[in-house]
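# Residue-level structural notes
Here is how the chains run, residue by residue.
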Amino acid sequence: MTQLFPARIAYCSPVNPAPSGIADYSEELLPYLARYADVTLYLDEHLRPTNPQLSQHLAVLPLRRLERDHRRRPYDAILYHIGNSPAHARIWDIAQRVPGVVVLHDYVLHHFMLWYAANRQHDIQRYVAAMHQRYGAAGDHIAQLMIRSRFTEAAFEYPCNEDVIAAAHGLIAHSQYVRERVLALRPDLRTTIVPMGVPLPQVNSQHAARVRLGLPTDAFVLASFGHINAYKRLEPTLRALVALRAERPNICYVLVGSVSPHYDVAGLVERLGLADVVSITGYVPRADFEAYVAAADVCVNLRHPTAGETSASLLRLLGAGRPTLVSRTGAFAELPPHVAIQIDTDAHEGDLMLAVLRLLAEHPALAAAIGDHARAYVAEQHSLDGAALGYVRFLARLYGWPAVQRIRSAPLWELTSAAPAAPPAQPVGITERRRRSAAADPSPALPLVADVARALAEVGITDGDRLVLPRVARYIAEVQPATPAAPAAETMPEDGTTQT
């Protein structure tokens, strides 16, 4: 294909109001990608975008037209966004007939492929046969459970992504975790890692957010965000909360997001006697989401097992400067230790959470420092323009385009909730309280590991907990960062990846 400049890209993705986090992702990336290419957006014909900027600035066409349009005037690249959700069904329909570059948001597509067989192919036995053919007797056993609605965590061990990977001309991943596993299945596939881009949130007043939301202004507030289901590790979190409340009664935990109909989180809260501590908001609009983020002292963003996803909601929490707990699994384990506090998913998960939460409650300077580093990390490594540049550089190498150039000096439209794209010269989010405290007390603001160990022992972690205590000490040593240097101006390696 003779490449014309600017490059023409067909972009196939859900957008709002589709029930997929990838809708937000694409609406934020598109104005930046359009700085480098002429982008046409293809959507499920039943989807009516709620974001007026899309139709004002882009050609928006139904997916059923893509095959014909590409035949009449071939695009220089086609991007297919694929995730573990029915919102991607029609995209997968077209991708099987007109191959392009797959942006694989979830390594595990098991639940999507089960839904696809039942609702698009109208033949559930095709799913059963594929499970048996690929994974043998064990796969057949899991398939028989799944088609009887006996959903099991073991399904995450059977990714059902082979057809998607086989159909791809190239593949973009957001983590080394996904890229390595894709290459193990298809070593010849051209792949790259493009860090997920998110707008850098504004730093909002915690006090004002709590007043607006009706939360106590003097409480220790924990918050979790996103769809609530059995994989978000709520039971060990709530059990840690029971123990923490015994010594810190002024505590509350807010669950912000929709609740799976298959998960009785309200019943779990009642059984543990936490109805006066835990509140469940249900789905909230974006402004309220951001207010709850600002109101939190600590965010809890655990999930296990993982589908291999990179979480945009987690990056938003880190970008807002919130100290956040994540599970040490999948792509989340790639986060630097001074950016997010990683919790192992073994039998000591609850003990570690209790220890870390108590530590952060007693040492707010440590919590603030982790939040500052988290925000600086997102600003430097996960900018939207850096993500767009990573996309275009990979496509240019894959298809032999000329050198990448900007065709627009600014994004196609402004994101109203985004801060300036350039990373700050210093880590941001350092409050006047912390600056005054540092000026008044020249001693190090962060506790020593020995002090931490004594504090953990007070929680009840004793010499008998030899598997827990050394690990906690190691975590605190990891998250106790040295005084950070100002991040350098954003750079992107020529292969479009970011080194971590």
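What you see is a predicted model, and the numbers here were worked out from it, not measured in a lab. Here the residue numbers are simple positions, counted from 1 along each chain's written sequence. Reporting of local features is limited, given that this is a predicted model, to residues whose pLDDT is at least 70; pairs of side-chain atoms are given and counted only at 80 or more, and all residues count toward the totals for whole chains, interfaces and linings. Hydrogens are left out, water is left out, and the side-chain values use all remaining heavy atoms of the structure.

## Regarding the overall build of the protein
Put simply, the rule is: Under the scheme used here, helices are H or I runs from DSSP no shorter than 4 residues and strands are E runs no shorter than 2 residues, and both carry numbers assigned from the N terminus. Relative accessibility decides the category of a residue: with a 1.4 Å probe and only protein chains considered, values under 20% of the type maximum give buried, values over 50% give exposed, and everything between is partly exposed. In this description, contact between two residues means that some pair of their heavy atoms is separated by no more than 4.5 Å. The Shrake-Rupley method, run with a 1.4 Å probe, gives the accessible areas here. Residue values count only the displayed protein chains as cover.
Helices and strands together make up the secondary structure of the protein, namely 19 helices and 13 strands. By residue count, 56% of the 500 residues in the protein fall in the buried class. Considering only residue pairs separated by 6 or more positions, the protein has 73% of its internal contacts joining residues 24 or more positions apart. Carbon and sulfur atoms form 52% of the exposed surface of the protein, whose accessible area is close to 21400 Å².

## Considerations on the sheet that holds strand β12 (residues 324–327)
Defined as follows: In this description, strands pair whenever DSSP reports at least two bridges between them. Note on geometry: axes are lines fitted to C-alpha atoms, helical ones only across the stretch in contact, with angles between N-to-C directions running from 0 to 180 degrees.
Across the sheet, which stays open at both edges, the six strands sit in the order β10-β9-β8-β11-β12-β13 with parallel pairing between neighbours. At either end of the open sheet lies a strand with only one pairing partner, and these are β10 (278–282) and β13 (341–343). Within this sheet the neighbouring strands show an average axis-to-axis angle of 25°, counted without direction. Against the sheet, helix α10 (residues 234–247) engages β8 (220–225), β9 (251–256), β10 and β11 (298–301), with an angle of about 160° to β9.

## Re the packing of aromatic side chains
The line we're drawing: What counts as a ring pair is set by centres within 6.5 Å for rings of Phe, Tyr and Trp (its six-membered ring), and what kind of pair is set by the plane angle: stacked under 30 degrees, edge-to-face over 60, tilted for all other angles.
For the structure shown, the criterion picks out six aromatic pairs. Arranged with centres 5.7 Å apart and planes meeting at 50°, the rings of F112 and Y116 form a pair that is tilted. Here F112 and its partner Y116 are both found in helix α5 (residues 110–119), four residues apart, which amounts to about one turn of the helix. Of the two residues, F112 and Y116, both sit in the buried class.

## Thoughts on the confidence of the model for the protein
Selection criterion: Confidence scores here are pLDDT values: one per residue, from the predictor, ranging 0 to 100.
Mean pLDDT for the protein: 85, with 82% of residues reaching 70 or above. The low-confidence segment residues 481–500 (pLDDT under 50) makes 43 contacts with residues lying over four places distant or belonging to another chain.

## What to know about the environment of V254
Relative to the helices and strands, V254 is located in strand β9. Spatially, the C-alpha atoms of V254 and A296 are 8.7 Å apart, while their sequence positions differ by 42 residues. Apart from residues no more than four positions distant in its own chain, V254 is found in contact with L215, L222, A223, S224, S279, T281 and Y292.

## What to know about the side chain of D385
Quick reminder of the rule: The definition of a polar contact used here is a pair of N or O atoms within 3.5 Å, where within protein one atom must be able to donate a hydrogen and the other to accept one, and adjacent residues in sequence count solely through side-chain atom pairs.
One can find D385 in helix α16 (residues 384–399). What makes D385 buried here is its relative accessible area of 10%. Polar side-chain contacts of D385 include one of 3.2 Å to the side chain of Y36.

## Some remarks on the nonpolar core
The condition that has to hold: In this text, buried Ala, Val, Leu, Ile, Met, Phe, Trp, Tyr and Cys residues form a nonpolar core when linked through side-chain atoms within 4.5 Å.
Counting 56 residues, the largest nonpolar core has Y11, L79, L318 and Y391 as the members making the most contacts within it. The set of elements that each furnish at least two residues to this core consists of β1 (8–12), α1 (21–33), β2 (38–43), β4 (77–82), β5 (101–104), α13 (312–319), α15 (364–381) and α16. At 10 residues, the largest contribution of residues to this core is made by α16. Among residues more than four places away in sequence, those in contact with Y391 are Y25, L29, L33, L79, H81, V103, I172, H174 and V194.

## What about helix α9 (residues 206–213)?
To keep things clear, this is the line we draw: Here, the arc refers to the directions that run from the helix axis to the C-beta atoms.
Among all positions of α9, only A209, R210 and L213 are buried. With its buried residues spanning 95° around the axis, α9 presents them on a single face. Seen from the buried face of α9, the exposed residues on the opposite side, beyond 90 degrees, are H207, V211 and R212. Buried-residue contacts for α9 involve β8 and α12 (286–295). You can read the cap of α9 off the contacts: a side-chain oxygen lies 3.4 Å from the backbone nitrogen of H207, and it is on S205. Trailing α9 by a residue or two, G214 shows a phi angle of about 75°, which is positive.

## What to know about the packing of α5 against helix α6 (residues 124–146)
Selection rule: Amino acid classes used here: Ala, Val, Leu, Ile, Met, Phe, Trp, Tyr, Cys and Pro are nonpolar; Asp, Glu, Lys and Arg are charged; the rest, including Gly, are polar.
For the pair α5 and α6, interaxial distance at closest approach is 6 Å and the crossing angle is 145°. Each of H110, H111, L114, A117 and A118 in α5 lies in contact with α6, whose residues at this interface are I124, Y127, M131, I142 and M146. Looking at side-chain class alone, the contact of α5 with α6 contains eight nonpolar, two polar and no charged residues.

## Quick notes on the environment of P201
Along the chain, the position of P201 falls in the loop between β7 (190–193) and α9. Note: C-alpha distance between P201 and A379 (178 residues apart in sequence) is 9.6 Å.

## Structural notes on the pattern of salt bridges
Selection rule: Only one rule defines a salt bridge in this text: a Lys or Arg side-chain nitrogen within 4 Å of an Asp or Glu carboxyl oxygen.
Applying the stated rule across the entire model yields 23 salt bridges. Across the salt bridge formed by R358 and E247, the nearest N and O atoms sit 2.4 Å from each other. Linking R358 in helix α14 (residues 349–362) with E247 in helix α10, this pair joins segments that are 111 residues apart in sequence. Here R358 falls in the buried class, since its relative accessible area comes to 8%. Relative accessible area serves as the criterion here: at 40%, E247 is assigned to the partly exposed category. The salt bridge partner of E309 is R303, with a shortest N-O separation of 2.8 Å. Accessibility assignment for this pair places E309 and R303 in one class, buried. Each of the salt bridges in this network shares a partner with another, and the network as a whole consists of E28, R286, E290 and R316.

## Concerning the side chain of E309
With respect to the helices, strands and loops of the structure, E309 is situated in the loop between β11 and α13. Take E309: its relative accessible area is 11%, and that puts it in the buried class. Side chain to side chain, E309 and T306 meet in a polar contact 2.9 Å long. Within the local environment of E309, its side chain forms a polar contact with the backbone nitrogen of A307, the two atoms lying 2.9 Å apart. Other than its neighbours up to four places away in sequence, E309 contacts H105, D106, R303, A331 and F332.

## Let's talk about the pairing of β11
The condition is simple: When the strands point away from the viewer, a crossover counts as right-handed if the route from the first strand across the helix to the second turns clockwise.
The alternating pattern of β11 places V298 and V300 and C299 and N301 on opposite faces, both of which are buried. Sheet topology places β8 next to β11; two bridges connect them, and they run parallel. By the bridge assignment for β11, A223 is matched with C299. Of the pairings in the sheet, the one linking β11 to β12 comprises three bridges and is parallel in character. Across the sheet, C299 pairs through a bridge with T324, a residue of β12. Between β11 and its parallel partner β12, the chain crosses via α13, and the hand of that crossover is right-handed.

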